[in-house]
Amino acid sequence: MTVSSSWARKSQWYSHVPGLIVLAPYDAADAKGLLKAAIRNPNPVVFLEHEMLYGIEFEIPDVKDWVVPIGKAKVRRQGVDVTITAHSRMVGLALKAADELSKQGIEAEVIDLRTLRPLDTDTILESVRKTNRIVTVEEGWGQSGVGAEICARVTAEAFDYLDAPPTRVHQVDAPLAYAANLEAMSLPSVEKIVDAAKAVTYR
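What this report covers is the structure whose coordinates are included nearby.

Some details on the pattern of salt bridges
Line of reasoning, step 1. What the rule picks out here adds up to 13 salt bridges.
Line of reasoning, step 2. The shortest N-O distance in the salt bridge between glutamate 109 and lysine 130 comes to 2.5 Å. One end of the pair, glutamate 109, is in strand S6 (residues 108-112); the other, lysine 130, is in helix H5 (residues 121-131), with 21 residues separating them in the sequence.
Line of reasoning, step 3. What makes glutamate 109 buried here is its relative accessible area of 3%.

Some remarks on the layout of surface pockets
Line of reasoning, step 1. If you add up the space inside the largest pocket, you get close to 250 Å³.
Line of reasoning, step 2. The wall of the largest pocket is formed by 13 residues, among which Ser15, His16, Arg117, Gly145 and Glu149 lie closest to the centre.
Line of reasoning, step 3. Going through the elements one at a time, helix H2 (11-15), strand S7 (115-117) and helix H6 (146-158) are the ones with two or more residues in the lining of the largest pocket.
Line of reasoning, step 4. Ranked by the residues each element gives to the lining of the largest pocket, the list is headed by H6, at 4 residues.
Line of reasoning, step 5. Split by domain, the lining of the largest pocket shows at least three residues from each of two domains, domain 1 (2-53) and domain 2 (74-200).
Line of reasoning, step 6. Considering only enclosed or pocket space, the second largest pocket measures out at about 210 Å³ in volume.
Line of reasoning, step 7. Every residue lining the second largest pocket is counted, 13 residues in all, and those nearest its centre are Tyr26, Ala28, Ala31, Leu53 and Tyr54.
Line of reasoning, step 8. Among the elements of the structure, helix H3 (28-40) and strand S3 (45-48) are those that each provide at least two residues to the lining of the second largest pocket.
Line of reasoning, step 9. In terms of residue class, the lining of the second largest pocket is built from 10 nonpolar, 1 polar and 2 charged.

What to know about the side chain of threonine 83
Line of reasoning, step 1. Relative to the elements of secondary structure, threonine 83 occurs in strand S5 (residues 82-86).
Line of reasoning, step 2. Leaving out residues up to four positions away in the same chain, threonine 83 has contacts with Glu109, Ile111, Ser127, Val128, Thr131, Arg133, Ile134 and Val135.

Focus on H3
Line of reasoning, step 1. Along its 13 residues, H3 runs 18 Å from first to last C-alpha, staying within 8% of the 18 Å computed at 1.5 Å per residue.
Line of reasoning, step 2. Of the positions making up H3, those classed as buried are Ala29, Asp30, Gly33, Leu34, Ala37 and Ala38. Looking straight down H3, one finds that the buried residues subtend no more than 150° of arc, so they occupy a single side.
Line of reasoning, step 3. On the buried face of H3, the contacting elements are strand S2 (21-23), S3, strand S4 (74-77), S6 and S7.

Remarks on the pairing of S5
The side chains of a regular strand alternate, residue by residue, between the two faces of the sheet.
Line of reasoning, step 1. The buried fraction of S5 amounts to 5 of the 5 residues, a majority that puts the element mostly inside the structure.
Line of reasoning, step 2. The side-chain alternation of S5 yields two buried faces, one formed by Val82, Ile84 and Ala86 and the other by Thr83 and Thr85.
Line of reasoning, step 3. As judged from the 5 bridges shared by S5 and S6, these two strands associate in the parallel manner. Along S6, the bridge assignment pairs alanine 86 with aspartate 112.
Line of reasoning, step 4. Between S5 and its parallel partner S6, the chain crosses via helix H4 (residues 90-103), and the hand of that crossover is right-handed.

Thresholds applied
Counting restarts for each chain: residues are numbered from 1 in the order of the written sequence. Reporting of local features is limited, given that this is a predicted model, to residues whose pLDDT is at least 70; pairs of side-chain atoms are given and counted only at 80 or more, and all residues count toward the totals for whole chains, interfaces and linings. With hydrogens and water excluded, all non-hydrogen atoms of the structure serve as input to the side-chain values. What makes a salt bridge here is a side-chain nitrogen of Lys or Arg within 4 Å of a carboxyl oxygen of Asp or Glu, nothing more. Helix numbers and strand numbers start at the N terminus; a helix is a DSSP run of H or I with at least 4 residues, a strand a run of E with at least 2. Relative accessibility thresholds used throughout: buried, under 20% of the residue-type maximum; exposed, over 50%; partly exposed, between the two (1.4 Å probe, protein chains only). Using a 1 Å grid laid over the protein atoms alone, points where a 1.4 Å probe fits but cannot get out form a cavity; open sets with protein on both sides within 12 Å along at least 5 of 7 lines form a pocket; any residue with an atom within 4 Å of a point counts as lining. Grid points are joined across faces, edges and corners, and a volume is the space filled by probe spheres set on the points. Boundaries of every domain are those given by an automatic assignment or by a domain database. All residues other than Ala, Val, Leu, Ile, Met, Phe, Trp, Tyr, Cys, Pro, Asp, Glu, Lys and Arg, Gly among them, are scored as polar; the first ten of these are nonpolar and the last four charged. Should any heavy atoms of two residues lie within 4.5 Å, those residues are counted as being in contact. Residue count minus one, scaled by 1.5 Å, sets the expected span of a helix. Here, the arc refers to the directions that run from the helix axis to the C-beta atoms. Two strands pair if DSSP finds at least two bridges between them. Classification remark: right-handed applies to a crossover when, strands pointing away from the viewer, the course from the first strand over the helix to the second runs clockwise.

Below is the structure:
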């Protein structure tokens, strides 16, 4: 099942269901590779497409049978000071925030989740054990969200490595407004991600 942007913000709804595989690619290469993997998978798969990414051009590897493994996150940017996790459109914001943080002396590691269920906990934990901090970014609401699940797993499995509380950036706890200016105020932004990363690094 393919779902576009209005549902992409509700990724937690689908990843909450046992037995479902939930995919949320950011770029065209992952969209192609994960869709092929989904078609070949015998289990029910929800493929979250964000229509606001449709107009962005990405490179696709010139590989005859390009397939991306389900359940494996991708480290899109290496860093040592803070881990930032994101999926779908939020990956682009996280990468821009990481560039801005780098100008301020903070090197963020950006993890593109790609698969929300099963979640690649190992890659996240490996990063947190290196950076000792985590900021999760998602376009959906905070309650019962993907970021909440990640923070719970990090707290349970890497608590001794944390030098700051796990922090979440998400949509404000209100129905999304129709007016463009109010919508922008409600959703995560590069500035909000930068502020969260600076908070956990005490800058």
